[in-house]
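Here are the chains, one letter per residue:
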Amino acid sequence: MAGDDGRGRRIAGRYRLTSVVNAGGSGTVWAAADEVLGREVAIKEIKASPYSTGSDSITAVAEHTMREARAAGRVDHPGVVHVYDVVEHDGRPWIVMQLVKAPSLAELIRRDGPRTPHQVAKLGLQLVGALRAAHTLGVIHCDVKPSNVLAKGDEAVLTDFG
């Protein structure tokens, strides 16, 4: 039986939610087990805007989700989270993507304070490479900020192309 918080729930018949990775205004990112391929993934549950209602809200959410997935899914770069699929569950789209086991840069700064100039330079150069790869394809991120950068050691991965 699924937990009250959604853990254990199966999405699209194959992704079993295991834990919340992050939650924000646009939705919740879950860690999940892909029961078909036997791997861990991340799944973004997109929330409807509180400012729209009914079928317009669902349509807007679906369109936004597809734009985000198409944008990030086109970019093949180690500094950009890989998008695997978009599935529909309970009438809403969910984005299935690479699970990056790393805190956001915002979390690291809150917890440990600012990075050293050397660390900032290394992360910054990786993000420039990721953004260059995206821009070459005509994909614009529009929301580069510490909470959208996952950082593990000297490696950075850009997320949330919504």
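Our structure is the block above this text.
This is a predicted model, so every value here is computed, not measured.

With that out of the way, let us pick up the side chain of His141. In this fold, His141 is placed in the loop between α3 (117–136) and β7 (149–152). Overall, His141 belongs to the buried group, its relative accessible area being 3%. In terms of polar contacts, His141 uses its side chain to reach the backbone carbonyl oxygen of Asp160, at 3.0 Å. The contacts of His141, once residues within four sequence positions are left out, are Leu131, Asn148, Leu158, Thr159, Asp160 and Phe161.

In terms of residue burial, strand β3 (residues 27–34) counts as a mostly covered element, since seven of its eight residues are buried. Sheet topology places strand β2 (residues 15–24) next to β3; eight bridges connect them, and they run antiparallel. Considered in β3, the bridge of Ser19 is made with Ala31. Between the antiparallel neighbours β2 and β3 lie two residues. Sheet topology places β3 next to strand β4 (residues 39–46); eight bridges connect them, and they run antiparallel. Note that in β4 the partner of Thr28 across the bridge is Glu45.

We now examine unusual backbone geometry. Negative phi values dominate among residues other than glycine, just as trans dominates among peptide bonds. Even without a glycine there, the phi angle at Ala12 is positive, about 55°. Looking at the element boundaries, Ala12 is found in the loop between β1 (10–11) and β2. Judged by its relative accessible area of 34%, Ala12 falls in the partly exposed class. Of note in the backbone geometry, Asp90 takes a positive phi value of approximately 55° without being a glycine. Along the polypeptide, Asp90 turns up in the loop between β5 (83–89) and β6 (92–97). For Asp90, a relative accessible area of 58% gives the class exposed.

So, how was this worked out
- Residues numbered from 1 in each chain as written.
- Predicted model: local features only at pLDDT ≥ 70, side-chain atom pairs only at ≥ 80, totals over all residues.
- Heavy atoms only, no water.
- Helix = DSSP H or I, 4+ residues; strand = E, 2+ residues; numbered from the N terminus.
- Buried < 20%, exposed > 50% of the residue type's maximum accessible area, 1.4 Å probe, protein only.
- Polar contact = N/O pair within 3.5 Å; in protein donor to acceptor, adjacent residues only side chain to side chain.
- Contact = heavy atoms within 4.5 Å.
- Pairing = 2+ DSSP bridges.

That's the geometry; what it means functionally is another story.
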